[in-house]
Structures are given as structure tokens and as C-alpha cells.
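# Geometric and topological summary
If you want the building blocks of each chain, they are given just below.
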Amino acid sequence: MPYKLKTLLNGESKNVEYKLLPPSKSINYTKTAVAFANGQGGCLVFGIEDQTLRVAGIAEDRVFTVMDAISDAIVDSCEPLIVPDITMHDVDGKTVIVAEIAPGLQRPYFIKSLGRERGTFVRVAGTTRQADQPTIRELTIEGSNRSFDQVRCLGLSVTDEDIATLCAKLTETAKTNAENPAAVKTVTEKQLLQWGVLCEQDGKLEPTNAYAILTGSGVVRSVVQCGVFKGSTKAVFVDRREFTGTPQELIEASYQYVLRNIHMGARFKGVYRQDVYEIPPEAIRELIVNAVVHRSYIDHSSIQIAIYDDRLEITSPGRLPMGQTIERMKQGYSKIRNEALALAFEYMGYIEHWGSGILRVMQQVRDAGLPEPEFLGGDTDLRINIYRTNVNLSSDDAITTRLRRDSSSDDAITTRLRRDSSSDDAITTRLRRDSSSDDAIAEKEFANEQDSRKLILDEIRNREWITTADAVRILGIQKRQVQRMLKDLIDEGFVARLGSGPSTRYVALSKKEETHE
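Anyway, here's the lowdown on the structure attached to this text. All chains use their own residue numbering, which begins from 1 and follows the written sequence. Under the rules for a predicted model, residues below a pLDDT of 70 receive no local features and side-chain atom pairs below 80 are neither given nor counted, while totals for whole chains, interfaces and linings still include all residues. Hydrogens and waters are ignored; side-chain quantities use all the structure's heavy atoms.

## Notes on the overall build of the protein chain
- Numbered from the N terminus, helices here are DSSP runs of H or I no shorter than four residues, and strands are runs of E no shorter than two. Summing up its helical and strand segments, the protein chain has 16 helices and 21 strands in all.
- Looking at the protein chain as a whole, 48% of its 517 residues are labelled buried.
- Every accessible area reported is derived by Shrake-Rupley at a probe size of 1.4 Å, with residue values counting cover from the shown protein chains alone. Surface summary for the protein chain: the accessible area is close to 25,800 Å², and the carbon and sulfur share equals 48%. Each residue's exposure class comes from its accessible area (1.4 Å probe, protein chains only) as a fraction of the maximum for that residue type: buried when under 20%, exposed when over 50%, partly exposed otherwise.

## Notes on helix α12 (residues 339–348)
- Where α12 is concerned, the buried positions are Ala340, Leu341, Ala342, Ala344, Phe345 and Met348.
- Among the structural elements, α6 (160–177), α7 (189–195), α8 (209–215), α9 (247–260) and α10 (281–294) are those in contact with the buried residues of α12.
- Immediately downstream of α12, the backbone of glycine 349 shows phi near 90°, a positive value. Any two residues having at least one pair of non-hydrogen atoms within 4.5 Å are treated as being in contact.

## Overview of the packing of aromatic side chains
- Two aromatic rings, drawn from Phe, Tyr or Trp (for Trp, its six-membered ring), form a pair once their centres lie within 6.5 Å of each other, and the interplanar angle then sorts them: stacked below 30 degrees, edge-to-face above 60, tilted otherwise. By the definition in use, this model includes 5 aromatic pairs.
- Look at tyrosine 29 and phenylalanine 46: their rings are 5.4 Å apart centre to centre, the planes differ by 85°, and that puts the pair in the edge-to-face class. With tyrosine 29 in helix α2 (residues 27–38) and phenylalanine 46 in strand β2 (residues 42–46), this pair connects stretches of sequence that are 17 residues apart. Phenylalanine 46 carries the same exposure label as tyrosine 29, and that label is buried.
- Between the aromatic rings of phenylalanine 229 and tyrosine 308, the centroid separation amounts to 5.4 Å while the plane-to-plane angle is 25°, which identifies the pairing as stacked. Of this pair, phenylalanine 229 sits in strand β11 (residues 223–230) while tyrosine 308 sits in the loop between β15 (303–307) and β16 (311–317), and the two are 79 residues apart along the sequence.
- What makes tyrosine 308 buried here is its relative accessible area of 3%.
- Distance and angle both matter: a charge sits over a ring if NZ of Lys or CZ of Arg is within 6 Å of the ring centre and within 35 degrees of the ring normal. Taking the ring centre of tyrosine 308 as reference, the NZ or CZ of arginine 311 above it sits at 3.9 Å.
- Stacked on the ring of tyrosine 333, the Lys or Arg arginine 328 has its end atom at 3.6 Å from the ring centre.

## Focus: unusual backbone geometry
- A cis amide bond links glutamate 79 to the next residue, proline 80, at an omega of -10°.
- With respect to the helices, strands and loops of the structure, proline 80 is situated in the loop between β3 (78–79) and β4 (85–91).
- Of the consecutive residues arginine 107 and proline 108, the connecting peptide bond is found in the cis state with omega at 5°.
- Its identity is not glycine, yet aspartate 92 carries a phi of approximately 55°, on the positive side.
- Looking at the secondary structure, you find aspartate 92 in the loop between β4 and β5 (94–101).
- A relative accessible area of 66% places aspartate 92 in the exposed class.
- Of note in the backbone geometry, aspartate 202 takes a positive phi value of approximately 55° without being a glycine.
- Secondary-structure assignment places aspartate 202 in the loop between β9 (198–201) and β10 (204–207).

## A closer look at α9
- For a helix, the expected span equals 1.5 Å multiplied by the residue count minus one. With 14 residues, α9 ought to run about 20 Å at 1.5 Å a step, and its terminal C-alpha atoms sit 20 Å apart, in line with that.
- Looking only at α9, the buried set comprises Pro247, Gln248, Leu250, Ile251, Ser254, Tyr255, Tyr257, Val258 and Leu259.

Following this line, the structure appears as C-alpha cells:
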């Protein structure tokens, strides 16, 4: 049996879907063909039961009729044209039909009868789902062979003074990061034009989306949400911060936040002391830079950096760019989503060599004695986990461990959990808790729920709509808790429910803000 066929018989996956028989309604498999074309390609396998992997096969006297019907349905139903490669194979004496769909270049692909808005589908976690608006926009950009950050930014204008200011800031950052500042060349207007930070229209310089991002104007949403959580889920938060500004400001603020909230040890060799973080700072910074430069800015979600008891988790919005996979990324293959930003980041010294960042992170984490980083998702976002453990030092090194805190810092963390703002017992650090107080626990749970409600409302407004599964992923809590929370938001008039069953979506009804005492 050919190797490729063996891999198709290992069960359904992101790139494989089984059908026992061609459904009477062809849309039940043509939408999967569309999803494969909008992604990394894939195979529809007819004649295998998806639940049991039982090979039933296609009746011999119908094989060619079924193959023609599958081909006709896909060719006639999909726009732009999708031409499947259909073959038949013998498996345990029975005939199965394989329709292979190649990754498409003319994206987005959709079902003609449903139109582009309702007929565009993508693969998410091994299932076929209707694409949301940000995904359709991302596919459109991919299909036009353009980069979103190099597209003219509507609603934003630029003056010569604005351009000079940006050039000066980029140059300053580059000199700060350089080993030899004197060798750094000053950024010019011409350079910004070459990168795609500016574009020329009707003989006039106009700002692109990259310009909006690099200046932190807010026209293109660029936010990093950081949080510390108790345990291994988002059920109980300890502290949350949200950072906005230029990419340089986002990177530095997020980086310092993580360092303040992870353990640090001290290694002594003779009379010399060396501070050692439980997670290599270089790896933390690299992952934050990677998230800021490579995220999808079409998706209005925020970069999320979560510190749990057992791991550091960094989530970057947006599906992986066309042609990129987690496996290829871990091998050092680079696929640039935001070309203008990447060029600016390279100039500023945040990026050394294309594709080397993830390899360096993996090596640094290995050298620190930590488990290999975990890479998850890629369909709607990319999540990278670095698991925490005690600082691992050699036996002849003296070591003390402590938590890095600075109570005199303006950034000293004060929790939102205060039973009485005038009380001397107000909680001022995330480490002081009175586990014997039922009132404190009840109030903490209330604060957590209100924070979760606000987070969900913000996501709905940013994305236009979300599903229950989206909310579960965002909050990291059980489905029934999410369903109850959404029901409460509906009852209170903040959210409306559209559709039913698997296609149920939740939309915001108004921009009014919740207030809680």
C-alpha cells in the first residue's frame, strides 16, 4: 500500500475527511473542498466510516459513476474553479475513492450558490467551518498576493513632519539595539516608501497600515493583553494589564510584565552573583517580538500573554500565513505575513535572520532544562506554551530562589479585590489571600466573572460575532459556564443570539458599557 494512502487511513484530521458514501446533497462535501482550497489542501476519502474507520468501499459497478459525480459537483459548485485529483484505491479488497484538493492561489474560494460572505469555509481543528469576516479579508489579501500592512490606510493622513518623526524614532530604536550605533544608517522617507510603510497615490505620499501600526495611532488595532492566573486555566485571575502604543512600547511593556511575574534565582560562583530567570528572557522577548510582527492585524483580537502556575502562554491572532505550518516553522522555515513591518523590525534589530527566531527559542529553552515549547492551533490563532519548572543549576552552584517584585515601582500590582476601599485589610498583592474568609472568596469569584463578561463583550465587539467554542477558548473555562454567561448577557440586553445548533453566533446589541459597584 503506498505510503500516502496509509496516512489517509489513520483517521480524520485537518487535511483528511471521510465520507461513507457521497451524500445526496453535494454541499456536504463541496464545502470541505472549499475549506481545503482555502487552507493547506487535503483529501476527501469516500468509502470509509468516520467514527469506526470501517472500510465499506464503493460498489464496483458504481465506482466510475461516483467519481464523475464528485468531480462534477466540486467543479460546478465552487468559485473560483477547483479541479480535484480523483483516484481510486484498493483497501482490503474494497474500492475507496480519494478526491485530493490542492491549496488554492485565487482565494477566497466559496460555494457559488451561497455567495462569498456565506459560502466561504475553512478548516478549524479538523472540522469545516464557515469563515468569519476577518478570515475572508485575510484570504482576499492572500489571493491578491499583497500584504495587509502595505495597503493604504483609509482614514489616516500624514505630513512631512509626521514622516520625519517616525524616521527619527525608528533610527533611535535601531541605535539602541545595535552593538555599534555609529554604523546605523538613518531611516529616510525613501526607505519608508521602499518598505511599504508609505505608498504613493496621485503623486502624494500616503500612510499604509504599517505606518498606522508603527506610530501606534490606533487606527489599526494593536493591543497586548497580559495576565497572571491562579492554576492552569483562566478561571481565577490575579492580575491583568492591557498595553497599547507603538510596537516598541508593546514589546518592552509586555516583556517587563512577564519578567516581573516569573521566578528568578540567584547563582553564586565564588563572590560573584548571577540572576537566573526560570524562563530564558531572550526566549520570552523573541516570542513577544514574533507575535507583534507576525500577527494578523486584520483580526481585531489582541495578543494575549498569560502566566499560569505551570506555563507561560503567548497567543497571536490570525491563522498561519498561506504555505506555513507549525512543522515547517519549527524547522526554521519563514513565511512573512506583514512585509513592511518585518523590514522595519529587521532594521531596528528585533529580527536577526529570517526563520531563526523560533529555532533560537527552542534551543534556549532546551539549554535551560525546560520541556520543549508547545505549539498549538494555527487555524484561527497560534499559541505557544513554555512550561515552567524550578531553575535548573549544576550541583556545585549555590542558588537561592525568590520572586522578583518591586513594591516601590509604579507598576506594583494591586488587585481589584477589595472588600472595602477604606479598609486597612484591602488586598494589595496577588500573593496575600485569606483562604479562611468565605466573603473574600465569594467576592473574588464575582470579580472574576465580571472580568470574564467584559472580556467576552470586548471580543464580540472586536470580531463582530463569536461562537460558544470561541468563548470557551478565550476564557479557558468549561462550556456550561460560558453558556450561562452568554445567556445572562442576552437577558441583560448586551448580546443577541443568531442561528441555532452548530451555526449559533452571538453579536453585540449596543456599545453601552457595564458598570459594577
